[in-house]
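Letter by letter, the chains look like this.
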Amino acid sequence: MEYLDFELPIKELEEQLDKCMVIGQESDVDVTETCKQIERKLQETRKDIYKNLTAWQRVQLSRHPNRPYTMDYIKAICGDTFLELHGDRNVKDDKAMVGGLGKIGDQSYMFIGQQKGFNTKTRQYRNFGMANPEGYRKALRLMKSAEKFDIPVVCLIDTPGAYPGIEAEERGQGEAIARNILEMTRLKVPIIVVIIGEGASGGALGIGVGDVVLMLENTWYSVISPESCSSILWRSWEYKELAADALKLTATDMKKLKLIDEIVREPVGGAHANREKTFDIVKNKITANFEELKKLSPKELVNARMEKYANMGVFNG
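Residues numbered from 1 in each chain as written. Predicted model: local features only at pLDDT ≥ 70, side-chain atom pairs only at ≥ 80, totals over all residues. Heavy atoms only, no water.

Observations concerning helix α14 (residues 298-310)
Right, on to step 1. For α14, built from 13 residues, the straight-helix expectation of 18 Å at 1.5 Å per residue is met to within 8% by its first-to-last C-alpha distance of 18 Å.
Right, on to step 2. When we look at burial in α14, the residues that qualify are Leu-301, Val-302, Arg-305 and Lys-308. Along the axis of α14, the buried residues cluster in a sector spanning 130°; they form a single face. Turned more than 90 degrees off the buried face of α14, the exposed positions are Lys-299, Glu-307 and Ala-310.
Right, on to step 3. Summarising the contacts, the buried residues of α14 are in contact with α8 (173-185), β5 (191-200), β6 (212-216) and α13 (275-293). (Helix = DSSP H or I, 4+ residues; strand = E, 2+ residues; numbered from the N terminus. Expected span 1.5 Å × (residues − 1). Buried < 20%, exposed > 50% of the residue type's maximum accessible area, 1.4 Å probe, protein only. Arc of directions from axis to C-beta. Contact = heavy atoms within 4.5 Å.)

A word on the nonpolar core
Right, on to step 1. Counting residues in hydrophobic clusters, the biggest one holds 33 residues, and the most contacted among them are Ile-112, Met-143, Val-153, Cys-155 and Ile-207.
Right, on to step 2. When residues of this core are traced back to their parent elements, those giving at least two are β3 (107-114), α6 (133-148), β4 (153-159), α8, β5, β6 and α12 (251-256).
Right, on to step 3. Ranked by residue count, the leading element in this core is α6, at five residues.
Right, on to step 4. If sequence neighbours within four positions are ignored, Val-153 has contacts with Met-110, Ile-112, Met-143, Ala-146, Leu-187, Val-189, Pro-190, Ile-191 and Ile-192.
Right, on to step 5. With 26 residues, the next largest nonpolar core counts Tyr-109, Ile-192, Val-194 and Leu-293 among its residues. (Core = buried A, V, L, I, M, F, W, Y, C linked by side-chain atoms within 4.5 Å.)

Focus: the side chain of Glu-227
Right, on to step 1. Mapped onto the secondary structure, Glu-227 falls in helix α10 (residues 226-234).
Right, on to step 2. Once residues within four sequence positions are removed from consideration, Glu-227 is found in contact with Trp-56, Arg-63, Trp-237 and Lys-240.

Re the pairing of β4
Right, on to step 1. With seven of its seven residues buried, β4 lies for the most part within the structure.
Right, on to step 2. Pairing analysis gives four bridges linking β3 to β4, with the strands arranged parallel. Paired with Met-110 across the bridge in β4 is Val-153.
Right, on to step 3. As paired strands, β4 and β5 are joined by six bridges and run parallel to one another. Along β5, the bridge assignment pairs Val-154 with Ile-192. (Pairing = 2+ DSSP bridges.)

The following block contains the structure:
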């Protein structure tokens, strides 16, 4: 288990608890009461730390190396029913964008999301979760297939942004993202979006238009990362914590601004602390929201979605 800087008090108490239990096992000394005291202290410390997280600490949690990624959610939610689909039928198969058909109970869904790697080799293979234009075109192809067969779409967002390389721009990165946004606004099947990690810039928006947008508690959603914002404004990454506060990128901020529909609470300690519970929570949220959305006709669905996005933001007439 890896720990972030602000989680070190938890690490110390967990180590104390382990030592206490070892002493109890290896000697005749009764350490039951001592272990209980450490456990109580551990629970209190966890609650105190995760109750008062700063915006930057939530950004750190969203990038935690043990945090579950898109394929982890899909495999846990769908089990053996998931069938991955590949390619944009134009250039190639983008490994940073994954998608395919899966079932929750008897209901089929088209799952689409960015996939990061968990070690150096897989991170390079997945391009660190940064999709190329063909990734967004693959996502659109899958959405159109879902629409054809009346299958709801679930988008799982976790990306530091779309790939900014020259070759990506040459193949129309901006156009591919803009096309997805346009087509998603008028897709005639329910779209449920879940931000499970980082939601950065157009890379997130390219699969981020939905009837319902859910955001896990320890994730972020913004036009730019705190580090990039800091480097632009202050010519240094040192002000990333200040930038994170100023950007209003947390789930609470997004809910206040009415840019998302619901904050999904994570287990104490974050999604990585109790992965199975997190998977169940997300699965139940997807099912519950689909049960509401399926009551609407395709025309009502599109009209409500268009109205929702048209009403976002503040402006002077």
